[in-house]
Protein chains: 2
Amino acid sequence: MQIMISEIKNWMKDAGEIIKEALKKEGLTVDTKTSRKDLVTNLDKQTQDYLIKQILAFDPNAKILGEENGKDQLTDLSGRVFIIDPIDGTMNFVLEHENFCIMIAVYEEGQGVLGFVYDVMKEDFLWGGRDIGVFLNEERVPKPKDCALNEGLLGMNAVMYANNIGNARIMGERSMGVRMSGCAGVELMGMALGKRVGYVSNLAPWDYAAGGILIQALGMKMSNLYGKPLQMNGREQFIAGTPQVYEELLTLSMESLK
Amino acid sequence: MQIMISEIKNWMKDAGEIIKEALKKEGLTVDTKTSRKDLVTNLDKQTQDYLIKQILAFDPNAKILGEENGKDQLTDLSGRVFIIDPIDGTMNFVLEHENFCIMIAVYEEGQGVLGFVYDVMKEDFLWGGRDIGVFLNEERVPKPKDCALNEGLLGMNAVMYANNIGNARIMGERSMGVRMSGCAGVELMGMALGKRVGYVSNLAPWDYAAGGILIQALGMKMSNLYGKPLQMNGREQFIAGTPQVYEELLTLSMESLK
């Protein structure tokens, strides 16, 4: 386990250096995927290829689920699965040159074992798992206080908020304030570090896998918008929070169905 | 002018150090003002007092408009006026320990002359004015490209977005994405640095004075939501953008009145 952890950290830090170097030069190639707001760059693809090469050199039998290059489907989670988001927050990467993350989750026989979220420009590296605890860089992260919704900030998806999906606007109103960063990694790291009490969004498995393992290791909860387990298969409406906030969010989303 | 600039920068950097030291200790005193979401801390008040003391030692005739301590009204802008926000983004300051700014604007005979926005934790210091240009730390900031709304990110106020005030939701939909940081200084600095094409919010003079001088010096535009000049007197709905984005936002807000 220790060897795998230090290997994964090294791959991600190396990938971060490559991305930082590339940002200093001109020549990012930006394409759209499913819509004008769904971007992918040459660096998303290169970074994913780099990570996959490292993973398969380390464990040739590993299965891989990743955002780019046609790796976005997996029939089952048996064995060891690496779930990769080479650049989470591609829009921020392109337009802000900050607030994006590299993320890797390790699942074994369907259970999330290790999560790694690296905010490249801030150089904040959050990693850990259920059995080892959670660390920011090399410092152990304490369990955040079990705050209520009216005590903290709520990360939010713009479309769900605009359309009040699952009572998302009421969730926001009851919190101390809504924040939209455009990056699931930033939001989930924020939860782990006590800067957010919850997060409401519409996410793919590579968006929540790594951060989800980490916030759960810290005693927080997550599920789909209506309390069902996440399917790790395609995009789903997502809620997460401290135990108290999770219950408050779920109560509101269930009320929206009545 | 050069002496005043370096004095102001020194005061703000000193204030930033005091705030950073205080964040390392326990014992922030948090009170509410107009609502449970309108916070003020002992450090907002201390920082404003510190800045006012420095200003009046430098210019005993200066008038001061500031967020805290009953300095939030001014009958007119004649003479030299310092507009202070000791901690812009107090909620972030309390809950995130980042994403807050110290801000000072200097007005002379009703004209914005100098603006200073200091993101304390990132140590990004944006300053300048119409006649001297705009600088990030000591590096000159180039004029951002005159982007259209569909080319960039739009900073947004949660309440205006939730209630579609002035067609705020349509503004967001036409952009590449909505961002809510909870700090006007962060948003206006983002515009100056080309990370945002516009900003829609509900702001007091100390929220927009410093950043407004800087974005205007870079060729961007701002006004109230319906195109009228900002009154520098109480809270107003606010739009700002590149020249193209400003026109797009104004067209949408005017359509909302029909």
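This one's a predicted model, so the numbers in the text were calculated from it and none came from an experiment.

**Section: the overall build of chain A**
Assigned secondary structure in chain A consists of eight helices and 14 strands. In terms of C-alpha radius of gyration, chain A reaches 17 Å, essentially the compact-globule figure of 18 Å for 258 residues. When the backbone C-alpha atoms are referred to their principal axes, chain A occupies close to 50 × 40 × 35 Å. Counting across all 258 residues of chain A, residues that qualify as buried make up 56%. Within chain A, contacts between residues at least 6 apart in sequence are counted, and of these 58% link residues at least 24 apart. Surface exposure of chain A reaches about 10600 Å², of which carbon and sulfur atoms provide 48%.

**Focus on the packing of aromatic side chains**
Residue and element names in this part refer to chain A. Inspection of the entire model under this criterion finds 17 aromatic pairs over all chains. Their ring planes at 90° and their centres at 6.5 Å tell us that phenylalanine 116 and phenylalanine 125 sit as a pair that is edge-to-face. Aromatic pair tryptophan 127 and phenylalanine 135: ring centres 4.7 Å apart, planes at 20°, arrangement stacked. The burial state of tryptophan 127 is the same as that of phenylalanine 135; both residues are buried. A network of ring pairs unites the aromatic residues Trp11, Phe58 and Phe82 as a single cluster. Of note, lysine 9 hangs over the ring of tryptophan 127, and the distance from its end group to the ring centre comes to 3.7 Å.

**Some thoughts on the sheet that holds strand S12 (residues 198–203) of chain B**
In a beta sheet, neighbouring strands are held together by backbone hydrogen bonds and run either parallel or antiparallel to one another. All names here are of chain B. Strand order in the open sheet formed by five strands is S11-S10-S12-S14-S13, and the pairing between neighbours is mixed. At either end of the open sheet lies a strand with only one pairing partner, and these are strand S11 (177–179) and strand S13 (221–224). Neighbour-to-neighbour, the strand axes of this sheet turn through a mean angle of 20°, independent of strand direction. Bridge analysis of strand S10 (residues 153–156) against S11 gives three bridges, and the strand direction is parallel.

**A look at helix H2 (residues 42–58) of chain B**
Residue and element names in this part refer to chain B. For H2, built from 17 residues, the straight-helix expectation of 24 Å at 1.5 Å per residue is met to within 8% by its first-to-last C-alpha distance of 25 Å. By the burial criterion, the buried members of H2 are Leu43, Asp44, Thr47, Gln48, Leu51, Ile52 and Ile55. The arc enclosing the buried residues of H2, seen along the axis, measures out at 165°, which places them on a common side. Relative to its buried face, H2 has exposed residues pointing more than 90 degrees away, namely Lys53 and Ala57. Packing partners of the buried residues in H2 comprise helix H1 (2–24), strand S2 (39–41), strand S3 (63–66), strand S4 (80–88), helix H3 (90–95) and strand S5 (101–108). Near the N-terminus of H2, the side chain that reaches the backbone nitrogen of leucine 43, with its oxygen 3.0 Å away, is that of threonine 41.

**Side note on the side chain of asparagine 167 of chain B**
The residue asparagine 167 of chain B is located in the loop between helix H4 (158–162) and helix H5 (168–174) in this model. With residues near it in sequence (within four places) discarded, asparagine 167 of chain B still touches Leu252, Glu255 and Ser256 of chain B.

**A closer look at the interface of chain A and chain B**
Residue-level contacts link 30 residues of chain A with 30 residues of chain B. When chain A packs against chain B, the two sides together hide about 2500 Å² of surface, and 49% of this comes from carbon and sulfur. Connecting chain A to chain B are eight salt bridges. Connecting chain A to chain B are 23 residue pairs in polar contact (both at pLDDT 80 or more). When residues of the side of chain A that touches chain B are traced back to their parent elements, those giving at least two are helix H3 (90–95), helix H4 (158–162), helix H5 (168–174) and strand S11 (177–179) of chain A. The biggest single contributor to the side of chain A that touches chain B is H5 of chain A, with four residues. When grouped by side-chain class, the residues that make up the side of chain A that touches chain B number ten nonpolar, eight polar and twelve charged.

**Topic: the domain arrangement of chain A**
Residue and element names in this part refer to chain A. In terms of domain boundaries, chain A breaks down into domain 1 (2–140) and domain 2 (149–255). On a C-alpha basis, the centroid separation for the pair domain 1 and domain 2 is 21 Å. Domain 1 puts 36 residues into the contact, and the matching count from domain 2 is 22 residues. Regarding the contact of domain 1 and domain 2, the summed buried area is about 2000 Å², with carbon and sulfur atoms giving 75% of it. Counting across the interface, domain 1 meets domain 2 through zero salt bridges. Inspection of the domain 1/domain 2 interface yields three residue pairs in polar contact (both at pLDDT 80 or more). Among the secondary structure elements, those contributing two or more residues to the side of domain 1 that touches domain 2 are strand S3 (63–66), strand S4 (80–88), strand S5 (101–108), strand S6 (111–119), strand S7 (124–129) and strand S8 (133–136). Among the elements that take part in the side of domain 1 that touches domain 2, S6 stands out by supplying seven residues, more than any other. The residue makeup of the side of domain 1 that touches domain 2, split by class, is 19 nonpolar, nine polar and eight charged.

**Some thoughts on the packing of helix H6 (residues 184–192) of chain B against helix H7 (residues 205–217) of chain B**
Residue and element names in this part refer to chain B. Packing of H6 against H7 brings their axes to within 9 Å, and their N-to-C directions diverge by 5°. The orientation of H6 with respect to H7, classified from their angle, is roughly parallel. Of the residues in H7, those touching H6 at Ala184, Leu188, Met191 and Ala192 are Asp207, Tyr208, Gly211, Gly212 and Ile215. Across the contact of H6 with H7, the residue classes tally to six nonpolar, two polar and one charged.

Parameters at a glance
- Residues numbered from 1 in each chain as written.
- Chains lettered and ligands numbered in written order.
- Predicted model: local features only at pLDDT ≥ 70, side-chain atom pairs only at ≥ 80, totals over all residues.
- Heavy atoms only, no water.
- Helix = DSSP H or I, 4+ residues; strand = E, 2+ residues; numbered from the N terminus.
- Rg over C-alpha atoms; globule rule 2.2 N^0.38 Å.
- Buried < 20%, exposed > 50% of the residue type's maximum accessible area, 1.4 Å probe, protein only.
- Contact = heavy atoms within 4.5 Å.
- Areas by Shrake-Rupley, 256 points an atom, 1.4 Å probe, with all protein chains shown as cover.
- Phe/Tyr/Trp six-rings, centres within 6.5 Å; stacked < 30°, edge-to-face > 60°.
- Lys NZ or Arg CZ within 6 Å of the ring centre and 35° of its normal.
- Pairing = 2+ DSSP bridges.
- Axes fitted to C-alpha atoms, helices over the stretch in contact; angles between N-to-C directions.
- Expected span 1.5 Å × (residues − 1).
- Arc of directions from axis to C-beta.
- Polar contact = N/O pair within 3.5 Å; in protein donor to acceptor, adjacent residues only side chain to side chain.
- Buried area = accessible area lost by both parts, 1.4 Å probe.
- Salt bridge = Lys/Arg side-chain N within 4 Å of Asp/Glu carboxyl O.
- Nonpolar A, V, L, I, M, F, W, Y, C, P; charged D, E, K, R; others polar.
- Domains from an automatic or database assignment.
- Parallel < 35°, antiparallel > 145°, perpendicular 65-115°, else oblique.

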